[in-house]
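Below are the chains, spelled out letter by letter.
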Amino acid sequence: MAAVLSPITRQVSKEPRELQRVCVDIRLEDVQDCLVYDRRGGSVPFKNLYQHAKSVIIFVRNFLCYACKEYVEDLSKIPEDVLKGAGIRLIVIGQSMHHHIEAFCTLTGYPYEIYVDPDRHIYQKLGMKREETFTDSAQPSPHVKSGIFAGQMKSIWRAMTGPIFDFQGDLHQQGGAIIVGPGAQVHFCHFDTNRLDHMPINWLLQLAGVQQTLDFSKPKIMHV
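Reading guide: rules and limits
Residues numbered from 1 in each chain as written. Predicted model: local features only at pLDDT ≥ 70, side-chain atom pairs only at ≥ 80, totals over all residues. Heavy atoms only, no water. Phe/Tyr/Trp six-rings, centres within 6.5 Å; stacked < 30°, edge-to-face > 60°. Salt bridge = Lys/Arg side-chain N within 4 Å of Asp/Glu carboxyl O. Helix = DSSP H or I, 4+ residues; strand = E, 2+ residues; numbered from the N terminus. Buried < 20%, exposed > 50% of the residue type's maximum accessible area, 1.4 Å probe, protein only. Core = buried A, V, L, I, M, F, W, Y, C linked by side-chain atoms within 4.5 Å. Contact = heavy atoms within 4.5 Å.

**Q** Requested: an account of the packing of aromatic side chains, with residues and values cited.
**A** Within this structure, the stated rule accounts for five aromatic pairs. Among the aromatic side chains, those forming a connected cluster through ring pairs are Phe46, Tyr50, Phe59 and Tyr123.

Next comes the structure, spelled out in structure tokens:
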């Protein structure tokens, strides 16, 4: 009889050709009943996002963050048939109030599921980092095109010219990515250490079971 394998929870380093596995303590039972809110203000328990399907869930810093905006713009380029073919849900979670969702989706062109955790209960209980840590050896994000100064100026301008002056979340909160489901099975997690530390999207998709690589420089799918 084959041995029963426990779910693999992995934190992946982003060194080229090197996926370093580190055990991390992700307790879905601590957050499964936390509520997240959709663009209309309707609430659902967090567990509803992964109970019946494998889900790639991206936690962003805040909707005004230029790095998060550009990352989500690239998420929006993933064709729907790629997600359906792999049987996965793609979900973004922010930490603003729900009334900011619509504008963020319009700005980024993001067409998939999106929710908010305005009190950051899930961020905190999962242990996502607060404050930023930068290292000289860090690899640049392939999804962030703006420099830090220009990006911050864009974020401030969006805050000042919005309907209300609102930074749309805790500016010090970092995000992350998890792959979970169906059920309470955790396949992978990565917690960002700074605004540029997003998990490369192609790596996330491949870890979730997608057999294609999206070329973000051109609007096409390449088979590997």
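**Q** Tell me about the pattern of salt bridges, and please be specific about residues and values.
**A** Where side chains of opposite charge bring their charged atoms close, a pairing between them can arise. In this structure the tally under the stated criterion is ten salt bridges. We note a salt bridge from Asp33 to Lys47, for which the minimum N-O separation is 3.2 Å. Of this pair, Asp33 sits in the segment before β1 (35–37) while Lys47 sits in the loop between β2 (43–45) and β3 (54–59), and the two are 14 residues apart along the sequence. Between Arg130 and Asp170 there is a salt bridge, with the nearest N and O atoms lying 2.8 Å from each other. Placement of Arg130 in the loop between α4 (121–126) and α5 (148–161) and of Asp170 in the loop between α5 and β6 (176–180) is noted, with a sequence separation of 40 residues between them. Looking at Asp170, the relative accessible area reads 15%, which means it is buried. A single salt-bridge network, built from bridges that share partners, covers Arg27, Glu29 and Asp30.

**Q** Which residues make up the nonpolar core, and what values go with them?
**A** Proteins that are soluble and globular tend to have nonpolar side chains buried together. Ile58, Leu75, Ile78, Leu90, Tyr110 and Leu204 are the most contacted members of the largest nonpolar core, which totals 36 residues. Put simply, the parts of the chain that give this core at least two residues each are β3, α1 (66–75), α2 (80–86), β4 (88–94), α3 (101–108), β5 (113–116), β6 and α6 (201–208). Tallying contributions element by element places α1 first for this core, with six residues. Excluding residues within four positions of it along the chain, Tyr110 makes contact with Val72, Leu75, Ser76, Leu90, Ile91, Val92 and Cys105. The next biggest cluster of nonpolar side chains, apart from the first, holds 22 residues, and it includes Phe46, Tyr50, Ile178 and Cys189.

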